Amino acid sequence: TIGLWAGGRFSGKEILPYIISQILGAIVAAAVLFVIVTGREGGEIGGFAANGYGEHSPAGYSMLAAIVTEFVMTYMFLIVILGATYERAPQGLAGVAIGLALTLIHLISIPVTNTSVNPARSISQALFVGDWALAQLWVFIVIPVLGALAAGAVYKYLGQK
């Protein structure tokens, strides 16, 4: 949302309601997953796919690695979205380009951070995990927003409004 706004593709007056809707939707989805995961004998949420770094990274990556990964992956995802949905881009293929980009992003970043690229997704999981996930959450809010802003600014600079 913020990246699309920075790229001139989203109205500023729509940002707050859209972000609130995304966060609420993510929390509802996480609640459904929570009920499923804990719905069997011995079912524990564990890390609940929350985003993390250091000892909470799936493969033990540092905070710096998490920051670089989330910035670059979010930046690239927004560049693909903005480019694929550009009015002069080939029509009908945006979903394929965006879906393949998101798949690649997950393949690269799941071992590093469990993949955020969307603060709403990170917030929802952290609320259920609590503790360390809430303490590290700032990285998965601030860095994807900065990556999205950078992508929007570059897109606008290149004249792709």
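Now for a description of the structure that goes with this document.

Thresholds applied
Residues numbered from 1 in each chain as written. Predicted model: local features only at pLDDT ≥ 70, side-chain atom pairs only at ≥ 80, totals over all residues. Heavy atoms only, no water. Helix = DSSP H or I, 4+ residues; strand = E, 2+ residues; numbered from the N terminus. Rg over C-alpha atoms; globule rule 2.2 N^0.38 Å. Buried < 20%, exposed > 50% of the residue type's maximum accessible area, 1.4 Å probe, protein only. Areas by Shrake-Rupley, 256 points an atom, 1.4 Å probe, with all protein chains shown as cover. Lys, Arg positive; Asp, Glu negative; His and termini not counted. Charge placed at Lys NZ, Arg CZ, Asp CG, Glu CD. Expected span 1.5 Å × (residues − 1). Contact = heavy atoms within 4.5 Å.

## Description of the overall build of the chain
And then number 1: The helix and strand inventory of the chain stands at six helices and zero strands.
And then number 2: Beginning at the N terminus, the succession of helices and strands in the chain can be written as α-α-α-α-α-α.
And then number 3: A globule of 161 residues ought to have a C-alpha radius of gyration of about 15 Å, and the chain, at 16 Å, matches this closely.
And then number 4: Taken across its 161 residues, the chain has 37% of its residues classed as buried.
And then number 5: For the chain, the accessible surface area stands at approximately 8700 Å², while carbon and sulfur atoms represent 69% of it.
And then number 6: The average position of the 7 basic charges and that of the 7 acidic charges among the side chains of the chain differ by 20 Å.

## Some points on helix α3 (residues 63–84)
And then number 1: Between its terminal C-alpha atoms α3 stretches 31 Å, which fits the 32 Å expected from 22 residues at 1.5 Å a residue.
And then number 2: Residues A66, T69, E70, M73, T74, F77, L78, I81, L82 and A84 constitute the buried set of α3.
And then number 3: In this structure, the buried side of α3 is in contact with α1 (2–6), α4 (94–113) and α6 (131–157).

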